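Observations on the three-dimensional arrangement
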Amino acid sequence: MILETLNLMHCNITSVVPEVMPTATVPILLLVCFLFLIWNYEEISSIPGPGFCMGIGPLISHGRFLWMGVGNACNYYNKMYGEFMRVWISGEETLIISKSSSIFHVMKHGQYSCRFGSKLGLQCIGMHENGIIFNNNPALWKEIRPFFTKALSGPGLVRMIAICVESTKNHLDRLENVTNGLGNINVHIHAKFPIAMNGEFCLKNAVVLKIQNYFDAWQALLLKPDIFFKISWLYKKYEKSAKDLKEAIEILIEQKRQRLSTVEKLEECMDFASQLIFAQSRGDLTGENVNQCVLEMMIAAPDTLSVTLFFMLVLIAEHPKVEEDMMKEIQAVIGDRDIQSNDMSNLRVVENFINESMRYQPVVDLVMRKALQDDVIDGYPVKSGTNIILNIGRMHKLEFFPKPNEFTLENFEKNVPSRYFQPFGFGPRGCVGKFIAMVMMKAILVTLLRRYRVQTPKGRGLKNIQKSNDLSMHPNERQPLLEMFFMPRRNVDKCQDD
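Small disclaimer: the values here were computed from a predicted structure and weren't measured. (Residues numbered from 1 in each chain as written. Predicted model: local features only at pLDDT ≥ 70, side-chain atom pairs only at ≥ 80, totals over all residues. Heavy atoms only, no water.)

Turning to the pattern of salt bridges, a few remarks are in order. Inspection of every chain in the model, using the stated rule, returns 19 salt bridges. For the salt bridge of Lys321 with Asp325, the shortest nitrogen-to-oxygen distance reads 2.9 Å. Taken as a pair, Lys321 and Asp325 lie in helix α13 (residues 320-333) at a separation of 4 residues, close to a single helical turn. Taking the relative accessible area as the measure of exposure, Asp325 reaches 26% and is therefore partly exposed. In this structure, the salt-bridge partner of Glu351 is Arg348, at a minimum N-O distance of 3.5 Å. Taken together, the positions of Glu351 and Arg348, both in helix α14 (residues 348-360) and 3 residues apart, correspond to about one turn of that helix. Looking at Glu351, the relative accessible area reads 18%, which means it is buried. Classification of Arg348 by relative accessible area gives partly exposed; the value is 45%. Residues participating in the shared-partner salt-bridge network are Lys169, Asp338 and Arg450. (Salt bridge = Lys/Arg side-chain N within 4 Å of Asp/Glu carboxyl O. Helix = DSSP H or I, 4+ residues; strand = E, 2+ residues; numbered from the N terminus. Buried < 20%, exposed > 50% of the residue type's maximum accessible area, 1.4 Å probe, protein only.)

Structure representation (structure tokens):
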């Protein structure tokens, strides 16, 4: 009875299937389902983040970084999935972290001393295994970094104060030629203005423009997929920008080399560029690496530092009480003379203002690293080769500070533990120029504020300025909101007396 029933069912099925679909279609469907399962298979991860979804997830996440910019994309994903989450960039697993304990762990360990980015993109701009900023060869990076450390510390710090004071005075003297009828200066500020670096090279406007174009190329190419570099017309303009700046640097280095060949006492000329030139002559460095090191020394200040100072000027204009407190301290510590090295530690209000400015409106608010070994961070497993982006700017507005979403010096009234405030990073690959950057900012701000009071037109504050947040935060310089008034202090004092 059972056999008859089964035979009857078999006949019914075989008679129905051909009417529904051809017999050959069944194995094809089974094969498609099998491939679907293989394609969609991924190891279950304990780290939050978007799903793999047949490879669509990695395409979307990488596309979002290219479309939104690195900084905006990081903020989007941390807000969406939490302060420790996972995406993919160029098909590689990438962690985005804005949790202070995790960031502190990554920064202090040498196994995260490697950068990540498009190899072809970094080759295009000369940073692949060159220089120190995005050099992803840790061994070579360790050999080069001491040249920067020596140049940006010790006697270099003291020399930089005088250089910044003199350079700022020269710029302000030229501004006085464009005063209006009231004796005020009405200028459309460019976020990037030339700042001499280490006193070795004078940056002219043409070189500053080339630095800007180089930075644009760096930002545009850093995360581009390899297919982008298969189409020459897409990247040629960026390649040319990098080449133009390198050629300008080569001319400056050659001029420096010629001067070294004629000096009587070499010890009087042994600065950053000189050390690199002699290292090349000894065979320790290649000419390409010397060129890239000088290039990176020069792009650091005119880009990130000058934009940081621009944001600071806007914040000063928006907060007259903060400006008043700084001026009281400047007058008490410095008086009518120029700022000197022994004044730096006594300018606590100015330093708190600088720190709060970098916290509230950062220019560089993320750090990119790569894991060189397997590890565990705050309970999450991290495999060797994993890309990591430390979203420091977001961290600065999430933890510790009493008023994280406001600009106020109250946030630095008490000592801030280093794990909660890292504008320059720390550890093996922390910013080598962190100390000289603070010296430069203090010297420039003090020199400027002693002569001028800064104001912006009504309704044109920091929140109104259009900004892009990619590799770093920059204002859109084509907008009309960058206008400022520089009011000479003598005019302000006269008005108050009247």
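So, about the sheet that holds strand β2 (residues 92-97). Across the sheet, 4 strands lie side by side as β1-β2-β7-β4; this open sheet has mixed pairing. Strands at the two margins of the open sheet, each flanked by one partner only, are β1 (84-89) and β4 (367-370). The average angle at which neighbouring strand axes cross in this sheet is 25 degrees, direction not considered. Taken together, the 4 bridges between β4 and strand β7 (residues 387-390) define a ladder with antiparallel strand orientation. Looking at the pairing, Arg369 lines up with Ile388 of β7. Packed on one face of the sheet, helix α4 (residues 70-81) meets β1, β2 and β7 and runs near 135 degrees to β1. Set on the sheet, helix α5 (residues 100-108) makes contact with β1, β2, β4 and β7; between it and β7 the angle comes to about 120 degrees. (Pairing = 2+ DSSP bridges. Axes fitted to C-alpha atoms, helices over the stretch in contact; angles between N-to-C directions. Contact = heavy atoms within 4.5 Å.)

Once that is clear, we can look at the environment of Asp338. Relative to the helices and strands, Asp338 resides in the loop between α13 and α14. C-alpha of Asp338 to C-alpha of Val446: the two residues are 108 residues apart in sequence and 8.7 Å apart in space. Excluding residues that lie within four positions of it along the chain, Asp338 makes contacts with Val165, Lys169, Asp343 and Arg450.

So, on to the packing of helix α7 (residues 138-151) against helix α11 (residues 272-281). Two elements in contact, α7 and α11, have axes separated by 9 Å at closest approach and are oriented at 155 degrees. Relative to α11, α7 is oriented roughly antiparallel. Relative to α11, the crossing made by α7 is right-handed. Listed contacts from α11 to Phe147, Phe148, Lys150 and Ala151 of α7 are Phe272, Gln275, Leu276 and Ala279. Partitioning the contact of α7 with α11 into residue classes produces 6 nonpolar, 1 polar and 1 charged. (Parallel < 35°, antiparallel > 145°, perpendicular 65-115°, else oblique. Left-handed = near helix turned anticlockwise from the far one by under 90°. Nonpolar A, V, L, I, M, F, W, Y, C, P; charged D, E, K, R; others polar.)

Okay, the UniProt feature "binding site: heme" (unreviewed entry) in the chain next. In the numbering used here, UniProt assigns the "binding site: heme" (unreviewed entry) feature to Cys431. Tracing the backbone shows Cys431 in the loop between α15 (392-395) and α16 (434-451). (UniProt positions renumbered as here; feature names shortened; annotations may be inferred.)

What follows is about the pairing of β7. For a regular strand, the rule is simple: side chains alternate between the two faces of the sheet. Every second residue of β7 is oriented toward a common face, with Asn387 and Ile389 on one face and Ile388 and Leu390 on the other, all of them buried. When β2 meets β7, the two strands line up parallel, connected through 4 bridges. Its bridge partner being in β7, Leu95 is matched across the sheet by Ile388.

Let us look at the side chain of Thr386. You can see Thr386 is positioned in the loop between β6 (380-382) and β7. Here Thr386 falls in the buried class, since its relative accessible area comes to 5%. For Thr386, the side chain forms a polar contact with the main-chain oxygen of Lys383, separated by 2.7 Å. When residues no more than four places from it in sequence are discounted, the contact partners of Thr386 are Glu93, Leu95, Arg369, Lys370 and Ala371. (Polar contact = N/O pair within 3.5 Å; in protein donor to acceptor, adjacent residues only side chain to side chain.)

Counting residues in hydrophobic clusters, the biggest one holds 112 residues, and the most contacted among them are Phe65 and Phe353. Counting residues per element, this core draws most heavily on helix α12 (residues 287-318), which supplies 18 residues. Beyond its immediate chain neighbours, meaning those up to four positions away, Phe353 contacts Met312, Leu315, Ile316, Val322, Met326, Phe407, Leu409 and Leu445. With 16 residues, the next largest nonpolar core counts Val106, Ala371, Leu390 and Met395 among its residues. (Core = buried A, V, L, I, M, F, W, Y, C linked by side-chain atoms within 4.5 Å.)

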